[in-house]
Amino acid sequence: MRISSRLPASLSPTAFSKLVEARRGSPGFLNLTVSNPTRCGFNYFEDSWRKALDSPGILAYAADPQGSRAAREAIAAHHGHGLPPEDILLTASTSEAYSWLFKLLCDPGDEVLVPSPSYPLFEHLAAMEGLRPIQVPAYFHERWHLDLDALESACTPRTRALVVVNPNNPTGQFLSKQEWRALSNLCAERGLSLLVDEVFADFVLEPQGDALATALLDESPPCPVFVLSGLSKVALLPQLKLGWILLHGSARVYLDSLVFIADQYLSVSASAQAAAPSILGSAKAMRDQVLLRARDNLRCLDDLLLAHSHLSRLPVEGGWSVLLRRPALGDDGDCALRLVEETSTLVHPGHFFDLPTDGFLVLSLLTPPDIFREGISRILPRLPVD
Ligand SMILES: Cc1ncc(COP(=O)(O)O)c(C=O)c1O
């Protein structure tokens, strides 16, 4: 069998995923990593979602590669900042948005800078477009800092774009306004586009004073800025398959080319587009449930951490995850494996998200509170001082 080098050399499951598969479903197994919101016991107001999806005009297909005007108007209203619906293009997911932007901006062999730690899918999405994702590790000193010198040194004549997640997944940190200025100026100097993934921007938990809430706050960014989001997080509906790209600042000149790409696929379903205005209208009630739960889980974690002074957690400015800090005694992967074996509780090692050092475990704040409390109570005593 011959397959493209765009795919990973091996698709075999790791020892970690084999163990998790073997244990999943066994009595007493607790999963503290679930990020699929439809599996976390939230109240989905099913009747109103069903009504939104039951759209009368759906049999008369009117293809619009940019996406229906009504859906784009609702998305513009959701983001605010005077964003015109003309500057929005619909996709079937944020992942698809990345693929289209990579096709738009890059030729095969070009490079995309990705500060890490971050969402691990970028590596594959870029590789599947024939690109080289270049990871540039952030460093941890009280908080995560983008290494701006390293980002600048990583630029080559083949670099085309820089991708950031704001707030970041899983570190939960927003970009500071100072980092934003430095990043956007670097992109302007080097002729790069800036892709800003804001899927978690509405989930603000413990914000710091200088956080950049959204790239749209910069009214005239010095480089092309593409902001990405979607219903997967905004309305807790990953199964609806609706994402979008906001073309901000000088990125507007790319609209016709992006519409050309979208026209080859026409991938956004008519029902998702028709339902979007009504779903976005009531999505805040869904997000509020997440915020309430995340705050409860953080409080519970803080209570339980009081008895373990060698352990701590990082502040969560925004998003759905929290980083638990432990003395970096050995590999986080081995630690997570041991926790599954000894406590039947699943957490993710930081290196799943390319954290540059050991000493971090990642927990989902979507976890139902009783499972979260029980799981944390099981694992904390198993994280030794030395
Ligand atoms: C930072 C980030 N971007 C994008 C996505 C994927 O979103 P979508 O379901 O719209 O592809 C995720 C999913 O977890 C994510 O964490």
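Residues numbered from 1 in each chain as written. Predicted model: local features only at pLDDT ≥ 70, side-chain atom pairs only at ≥ 80, totals over all residues. Heavy atoms only, no water.

Caption draft 1: Quick peek at the overall build of the protein chain. A count of helical and extended segments in the protein chain gives 12 helices and 15 strands. By principal-axis analysis of the C-alpha atoms, the protein chain measures approximately 60 × 55 × 55 Å. By the burial criterion, 52% of the 386 residues in the protein chain qualify as buried. By sequence separation, contacts in the protein chain at least 24 residues apart represent 75% of the contacts at least 6 residues apart. If you sum the accessible surface of the protein chain, you get close to 17200 Å²; carbon and sulfur atoms cover 53% of it. Positive and negative side-chain charges of the protein chain, numbering 33 and 44 respectively, have mean locations separated by a distance of 4 Å. (Helix = DSSP H or I, 4+ residues; strand = E, 2+ residues; numbered from the N terminus. Buried < 20%, exposed > 50% of the residue type's maximum accessible area, 1.4 Å probe, protein only. Contact = heavy atoms within 4.5 Å. Areas by Shrake-Rupley, 256 points an atom, 1.4 Å probe, with all protein chains shown as cover. Lys, Arg positive; Asp, Glu negative; His and termini not counted. Charge placed at Lys NZ, Arg CZ, Asp CG, Glu CD.)

Caption draft 2: Fine view of the sheet that holds strand E14 (residues 348-349). Read from one edge to the other, the open sheet built from four strands follows the order E11-E12-E15-E14, with strand pairing classed as antiparallel. Each edge of the open sheet is held by one strand with a lone partner, namely strand E11 (312-313) and E14. Strand direction decides the pairing type here: E14 and strand E15 (residues 360-364), joined by two bridges, are antiparallel. Within E15, the residue paired with Pro349 across the bridge is Leu361. (Pairing = 2+ DSSP bridges.)

Caption draft 3: Fine view of the sheet that holds strand E4 (residues 132-137). Read across the sheet, seven strands follow the order E2-E10-E9-E8-E7-E3-E4 without closing on themselves; strand pairing throughout is mixed. The strands lining the two open edges of the sheet, one partner per strand, are strand E2 (88-91) and E4. In this sheet, neighbouring strand axes are inclined to one another by 25° on average, regardless of whether the strands run parallel or antiparallel. With four bridges connecting them, strand E8 (residues 193-197) and strand E9 (residues 225-230) associate as parallel partners. Residue pairing for E9: Leu195 is matched across the bridge by Phe226. Running at roughly 160° to E9, helix H4 (residues 94-105) makes contact with E2, strand E3 (111-116), strand E7 (159-165), E8, E9 and strand E10 (243-248) of the sheet. (Axes fitted to C-alpha atoms, helices over the stretch in contact; angles between N-to-C directions.)

Caption draft 4: Highlighting the domain arrangement of the protein chain. Looking at the assigned domains, one finds that the protein chain contains domain 1 (15-44 + 284-382) and domain 2 (57-282). In this complex, domain 1 contributes 33 residues to the contact, which on the side of domain 2 involves 36 residues. In total, about 2800 Å² of surface goes out of reach between domain 1 and domain 2, with carbon and sulfur atoms giving 61% of it. On the domain 1 side of the contact with domain 2, Arg287, Glu317 and Trp320 bury the most area, a combined 28% of that side's loss. Two residues, Arg313 and Glu206, come together in a salt bridge whose shortest N-O distance is 2.9 Å. Seen at the junction of domain 1 and domain 2, the total is 16 residue pairs in polar contact (both at pLDDT 80 or more). Those elements that provide at least two residues to the side of domain 1 that touches domain 2 are helix H10 (270-305), strand E12 (321-325) and E15. Among the residues forming the side of domain 1 that touches domain 2, the class breakdown is 21 nonpolar, five polar and seven charged. (Domains from an automatic or database assignment. Buried area = accessible area lost by both parts, 1.4 Å probe. Salt bridge = Lys/Arg side-chain N within 4 Å of Asp/Glu carboxyl O. Polar contact = N/O pair within 3.5 Å; in protein donor to acceptor, adjacent residues only side chain to side chain. Nonpolar A, V, L, I, M, F, W, Y, C, P; charged D, E, K, R; others polar.)

Caption draft 5: Molecular detail of the side chain of Asn166. Among the secondary structure elements, Asn166 is positioned in the loop between E7 and helix H7 (177-190). A distance of 2.7 Å separates a polar atom in the side chain of Asn166 from the backbone nitrogen of Leu175. If we ignore the near neighbours within four places in the chain, the residues touching Asn166 are Gln173, Phe174, Leu175, Val196, Asp197, Glu198, Ala201, Leu212, Ala213 and Thr214.

Caption draft 6: Quick look at a nonpolar patch on the surface. Taken together, the side chains of Met1, Ile3, Leu7, Leu11 and Met128 make up a nonpolar region of the molecular surface, amounting to roughly 610 Å² of accessible area. As for its position among the elements, Leu7 is in the segment before helix H1 (15-23). Taking relative accessible area as the criterion, Leu7 reaches 36% and is therefore assigned partly exposed. (Patch = residues over 30% accessible without salt bridge, like charges linked within 9 Å, V, L, I, M, F, W, Y side chains within 5 Å.)

Caption draft 7: Structural context of the packing of aromatic side chains. Inspection of the entire model under this criterion finds 11 aromatic pairs. The interplanar angle of 70° and the centroid separation of 5.3 Å between the aromatic rings of Phe200 and Trp320 together place this pair among those described as edge-to-face. Highlighted residues: Phe200 in the loop between E8 and E9 and Trp320 in the loop between E11 and E12, separated in sequence by 120 residues. You can call Phe200 buried: its relative accessible area is 6%. Assessed through its relative accessible area of 4%, Trp320 is described here as buried. For the pair Phe226 and Tyr254, a centre-to-centre distance of 5.7 Å together with 50° between the ring planes defines the contact as tilted. Of this pair, Phe226 sits in strand E9 while Tyr254 sits in the loop between E10 and helix H9 (255-265); the two residues are 28 residues apart in sequence, bridging distant segments of the chain. Residue classification places Phe226 among the buried residues on the basis of a relative accessible area of 0%. Classification of Tyr254 as partly exposed rests on a relative accessible area of 26%. Site record: aromatic cluster; members linked through ring pairs are Tyr98, Phe102, Tyr119 and Phe122. (Phe/Tyr/Trp six-rings, centres within 6.5 Å; stacked < 30°, edge-to-face > 60°.)

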